[in-house]
Amino acid sequence: MLDHVTFLNSLFDKGLLVETGVDGLYGRSGEFEEVIQRFDALVSRYGEADKAEVMRFPPAMSRSIFETSGYLKSFPQLAGTVHSFCGNDHDHAILLERVASGDDWTEGQKATDVVMTPAACYPLYPAMAKRGPLPEEGRLFDLQSYCFRHEPSKDPARMQLFRMREYVRAGTPEQVVAFRESWLERGQKLMGSLGVPLHIDVANDPFFGRAGRMMVAGQREQGLKFELLIPITSVEKPTACLSFNYHQDHFGSTWDIKTSIGAVAHTACVGFGLERVALALFKHHGLDTIKWPAAVRKELWG
Ligand code: AMP
Ligand code: ZN
């Protein structure tokens, strides 16, 4: 059996993850959730001194904001849209008939104004833009959201709905690059303190199609994305657990976010895949948190 399937089954057997019938969509036990909460709190301790502004969005966002953000240009394969029944009695009868006969009943569903959030920071940029130019010191936000990506898989580290904790910085290129540098350091220190093997590498987003290949090359050449990788379900292909993204002026120009002197703002974000980090800890320290190394327990439980 493939390593990731064996690991997934052991998580089900132990009750840490709960099957729902869909790959990449799982319930979680109290113990799994506690690890996520403790890790989330540890991230907050590392970021505390920066006094980020906390903001929380629901796991779905405005379709029009999503369209403007350009997500469909880069990642149409991952997007999740929310559709709903908008018909009359006659349409309802057809719908029920189709459900009963096992035919496709989704054909008549209409797109709503809502799509699933693909990354925690997407709803932030237009909200930030509404506040006008950035103050001289720029801005820093603390986000966490469930995110949806249509990438069904039996690899437990590749979920369709997962939580992403983020810090997002907006400001001058210097401010934003300094933020990313500092989190590259902190991220390694933080994960190192949890006793997991890790390394940093340059990375790319899964840009779609032929045009996407150019984007991948450009992103890698310019070093716009780094990942902190930890082997979870494969030693050869370790899993990205933290990401460090420099968007340059992409969101600043898309949403007209200006610095205090009227230049287009640059942005960067550091993202923590909360389920992936929990899975890395269960993989390396065992499926029983009580038996985890004392030093790791101390970091998380204090
Ligand atoms: P990205 O925007 O792709 O860099 O994602 C940010 C972080 O979210 C990554 O570093 C991962 O830890 C996490 N992540 C991305 N995709 C998934 C997924 N399918 N399942 C679980 N976590 C994910
Ligand atoms: Zn982000």
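All figures in this text were calculated on a predicted structure; none of them were measured in a lab.

Trans peptide bonds make up the majority, and among non-glycine residues the majority have a negative phi. Phi is positive for Q248, which is not a glycine, with a value near 50°. In this structure, Q248 sits in strand β11 (residues 239-248). Given the relative accessible area of 27%, Q248 is considered partly exposed. Of note, the phi angle at D256 is positive, near 55°, even though the residue is not glycine. Checked against the element boundaries, D256 lands in the loop between α9 (250-255) and β12 (266-273).

What follows is about the coordination of the zinc ion (ligand 2). Protein coordination at the zinc ion (ligand 2): the donors are C121 (SG), E166 (OE) and C269 (SG), at 2.2 to 2.4 Å from the metal. Linear spacing of the donor residues for the zinc ion (ligand 2) on their chain is C-x44-E-x102-C. Taken as a pair, C121 in the loop between β6 (110-116) and α6 (124-129) and C269 in strand β12 lie far apart in primary sequence, 148 residues in all. A relative accessible area of 3% means that C121 is categorised as buried.

Let us now look at the nonpolar core. One finds F39, Y167, M191, L194 and F272 to be the most contacted residues of the largest nonpolar core, which totals 78 residues. Top element by residues in this core is helix α10 (residues 274-285). It accounts for 7 residues. Not counting residues up to four positions away in its chain, the partners in contact with F39 are L190, M191, L194, F272, L274, V277 and L300.

A few words on the sheet that holds strand β7 (residues 139-148). The strands making up a sheet associate through backbone hydrogen bonding, with each pair oriented either parallel or antiparallel. As summarised here, the arrangement of the 7 strands in space is β3-β7-β8-β12-β11-β10-β9, forming an open sheet in which the pairing is mixed. Of all the strands in the sheet, just β3 (53-55) and β9 (199-202) have a single pairing partner and so form its edges. Adjacent strand axes in the sheet meet at a mean angle of 20°, parallel and antiparallel pairs treated alike. Judged from the 8 bridges that link them, strand β8 (residues 161-171) and β12 form a sheet pairing that is antiparallel. For Y167, the partnering residue across the bridge sits in β12 and is V270.

Reading the values: rules and limits
- Residues numbered from 1 in each chain as written.
- Chains lettered and ligands numbered in written order.
- Predicted model: local features only at pLDDT ≥ 70, side-chain atom pairs only at ≥ 80, totals over all residues.
- Heavy atoms only, no water.
- Helix = DSSP H or I, 4+ residues; strand = E, 2+ residues; numbered from the N terminus.
- Buried < 20%, exposed > 50% of the residue type's maximum accessible area, 1.4 Å probe, protein only.
- Donors = N, O, S within 2.8 Å, 3.2 Å for Na, K, Ca; no water.
- Core = buried A, V, L, I, M, F, W, Y, C linked by side-chain atoms within 4.5 Å.
- Contact = heavy atoms within 4.5 Å.
- Pairing = 2+ DSSP bridges.
- Axes fitted to C-alpha atoms, helices over the stretch in contact; angles between N-to-C directions.

Purely geometric stuff here, so don't read any function into it on its own.
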